[in-house]
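Spelled out from the first residue to the last, the chains are:
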Amino acid sequence: PGWTGSKEDYIAVLAPLGRAGFHALALDQRGQYETPGTGRAADYTLLALAADLAAVAEHSADPSQDIHIVGHSFGGLVARSAVLDHPELAASLTLLCSGPAAIPTERRALLQAMADAIPAVGLQATWEAKRAYELSLGAPVVPPEIERFLERRFLSNDPVSLRAMTQHLISAPDDVYALAEAGVPTLVAFGEADDGWPTDLQADMAARLEARLAVIEQAGHSPAVERPRETVATLTAFWSAVSRPASWVP
């Protein structure tokens, strides 16, 4: 899952992926929602988060089956790091609404303001300011039970973890060519109205990776939530195309 997100962002796609024959697993990253954090900034490097992802994948996978890693938004930076550090781990990588490096310059000031606010005023005040800003920009008003969940999820984050993730979005390097050299089949997918990384930047990343590119219609930055059926179709088509023969043994 991405920045301020959680495993629940994948709820609508897990069962359909299972019915399609895949053992689908979503997780909260270290310090994110229901996974405890450590409160130590040094524990939230991209490599540390990537090591968690690799460990979960290796522990939960059937050795006879391929592992396909999907990283959404900030989670794409973590998933990319996992593949770079463990290129033998995955049969494929999907970067879903993610980018080649840090968020573009024009958005970094807002992220830095949030990173500064977390230790200064706490998560509750930061959440209230963040939500008010989003609504002022026209974010949809969600049902009360969803709004309560979003607030509870945000406040459950380890503040040190959330601040570190925010800073990674400001400073992450461009590792696209290193990822291309790793040779792991990659899909770059995003909603046609994605407002995270610019879609032309994501398309350029796909070209640099010589990766497959998929644009999910009528979706924004969270296709697994907004268009789950189309997201499942996109993922399963890619995985089926790159899967190794059933007789393959690692």
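Rules and cut-offs
Residues numbered from 1 in each chain as written. Predicted model: local features only at pLDDT ≥ 70, side-chain atom pairs only at ≥ 80, totals over all residues. Heavy atoms only, no water. Helix = DSSP H or I, 4+ residues; strand = E, 2+ residues; numbered from the N terminus. Buried < 20%, exposed > 50% of the residue type's maximum accessible area, 1.4 Å probe, protein only. Pairing = 2+ DSSP bridges. Axes fitted to C-alpha atoms, helices over the stretch in contact; angles between N-to-C directions. Contact = heavy atoms within 4.5 Å.

(A) Representation of unusual backbone geometry. Although it is not a glycine, cysteine 97 adopts a positive phi angle of roughly 55 degrees. For cysteine 97, the position within the fold is in the loop between strand E2 (92-96) and helix H4 (108-136). For cysteine 97, a relative accessible area of 0% translates into the label buried. Even without being glycine, glutamate 210 reaches a positive phi, approximately 55 degrees. Mapped onto the elements, glutamate 210 comes out in the loop between helix H8 (199-209) and strand E4 (212-216). Glutamate 210 sits in the exposed class, given a relative accessible area of 76%.

(B) Local environment of the sheet that holds strand E1 (residues 68-72). Across the sheet, 4 strands lie side by side as E1-E2-E3-E4; this open sheet has parallel pairing. The open sheet has two edge strands, E1 and E4, and neither has a second partner. Ignoring which end each strand starts from, the neighbouring axes of this sheet average 20 degrees apart. Pairing between E2 and strand E3 (residues 186-191): 4 bridges, direction parallel. Residue pairing in the sheet places leucine 96 in a bridge with alanine 189 of E3. Contacts between helix H10 (residues 228-242) and the sheet are confined to E1, E2, E3 and E4, with E2 contributing the most and set at about 155 degrees to the helix.

From the geometry alone we can't say anything about function, so treat these as descriptive.
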